[in-house]
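Tertiary structure, described
One-letter residues, chain by chain:
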Amino acid sequence: MPTTEIRHGDNAEILPTIPDKSVDFVFYDPPYNVKKKYVGFDDNLKPEQYMEWMRFVIEQSRRVARKGLAVYVGSKQGKLFWDLMPDAHPIPVHKRAIGAMAGNFFLQYHWLFAEARPVVKTKDLWADLRLPGEGYFFREPRYDTPGLTGLELTKRVLESFTVEGDTVLDPFLGTGTTAVACKVLNRNCIGIEQAQYYIEIAEKRLKEIE
């Protein structure tokens, strides 16, 4: 049976305590620093603070993961993460419903930056998923967070880069999508989350699939 461990606290404090190469893979969907209203977190850091935090988490993820990492971000964060992960393989994730506007462009994609080799043959354009923010077209259950990650997307990531029995670390666990995907797919999960409110949602979701 897969195991799930949720560590309550700040990933800046917890990540350095995780031993080198002690997990197989790291996957996360971080806050985007766009003033969303999270519980217990200010999503409005100075740009340099946000960049250094993201750099720290990436470096720690590289240190602890045997197979590598993948980071999922919105279109507006693409340049920053491309700079932080220049050797990553970028996978555009098509947002099929009309997206937000920027400079009179409709933003219709997110990014998955992968510093890991796929374990199966994997396309590097994902155009068949429905994402949060697509309104009626996103049919997955919704939870009380402004930063929900799609379960089908997360399962696709894990199926592409891990195998059954692997241990996956998510340093931004939130309401537990990575943990749920791991349990469904028979992977072990370690999640870090600073807000007890979101941990309780994650634990409830996990119990619902027992």
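Described below are features of the structure shown in this document.

1. Here we look at a nonpolar patch on the surface
Residues Val119, Val120 and Val163 make up a contiguous nonpolar surface patch of roughly 210 Å² in combined accessible area. Take Val163: it is sitting in the loop between α4 (151–161) and β10 (167–170). On the accessibility criterion, Val163 (37% relative accessible area) is partly exposed.

2. Brief notes about unusual backbone geometry
Peptide bonds are, in most cases, trans, and in most cases residues other than glycine have a negative phi. Residue Asn33 is not a glycine yet carries a positive backbone phi of 60°. Note that Asn33 resides in the loop between β2 (25–28) and β3 (37–38). Positive phi is not limited to glycine here, since Lys35 has a value of about 70°. Its place among the elements puts Lys35 in the loop between β2 and β3. The exposure class assigned to Lys35 is exposed, which follows from its relative accessible area of 61%.

3. Details of the pattern of salt bridges
Within the structure shown, the criterion is met by 9 salt bridges. For Arg7, the salt bridge is made with Glu5, and the minimal N-O distance between the two is 2.8 Å. Overall, the relative accessible area of 24% leaves Arg7 in the partly exposed class. With relative accessibility at 36%, the residue Glu5 sits in the partly exposed group. Asp166 is the partner of Lys67 in a salt bridge, and the nearest nitrogen-oxygen pair spans 2.6 Å. Here the residue Lys67 occupies a position in the loop between α2 (47–64) and β5 (68–73), and Asp166 occupies one in the loop between α4 and β10, the gap between them amounting to 99 residues. In this structure Asp166 comes out as buried when scored by relative accessible area, which is 7%.

4. With respect to the sheet that holds strand β1 (residues 4–8)
If you walk across this open sheet you meet the 7 strands as β1-β11-β10-β2-β5-β9-β6, and the pairing is mixed. What marks the edges here is a single partner per strand, and that holds for β1 and β6 (89–94). Taking the axes of each pair of neighbouring strands and ignoring which way they run, one obtains an average angle of 20° across the sheet. Sheet topology places β2 next to β10; 2 bridges connect them, and they run parallel. When the sheet's bridge partners are listed, Val26 is paired in β10 with Leu169. Sheet strands touched by α4: β2, β5, β6, β9 (109–116) and β10. Its angle to β2, the strand with the most contacts, is close to 160°. Against the sheet, helix α6 (residues 196–208) engages β1 and β11 (188–193), with an angle of about 170° to β1.

Parameters at a glance
- Residues numbered from 1 in each chain as written.
- Predicted model: local features only at pLDDT ≥ 70, side-chain atom pairs only at ≥ 80, totals over all residues.
- Heavy atoms only, no water.
- Patch = residues over 30% accessible without salt bridge, like charges linked within 9 Å, V, L, I, M, F, W, Y side chains within 5 Å.
- Areas by Shrake-Rupley, 256 points an atom, 1.4 Å probe, with all protein chains shown as cover.
- Salt bridge = Lys/Arg side-chain N within 4 Å of Asp/Glu carboxyl O.
- Helix = DSSP H or I, 4+ residues; strand = E, 2+ residues; numbered from the N terminus.
- Buried < 20%, exposed > 50% of the residue type's maximum accessible area, 1.4 Å probe, protein only.
- Pairing = 2+ DSSP bridges.
- Axes fitted to C-alpha atoms, helices over the stretch in contact; angles between N-to-C directions.
- Contact = heavy atoms within 4.5 Å.

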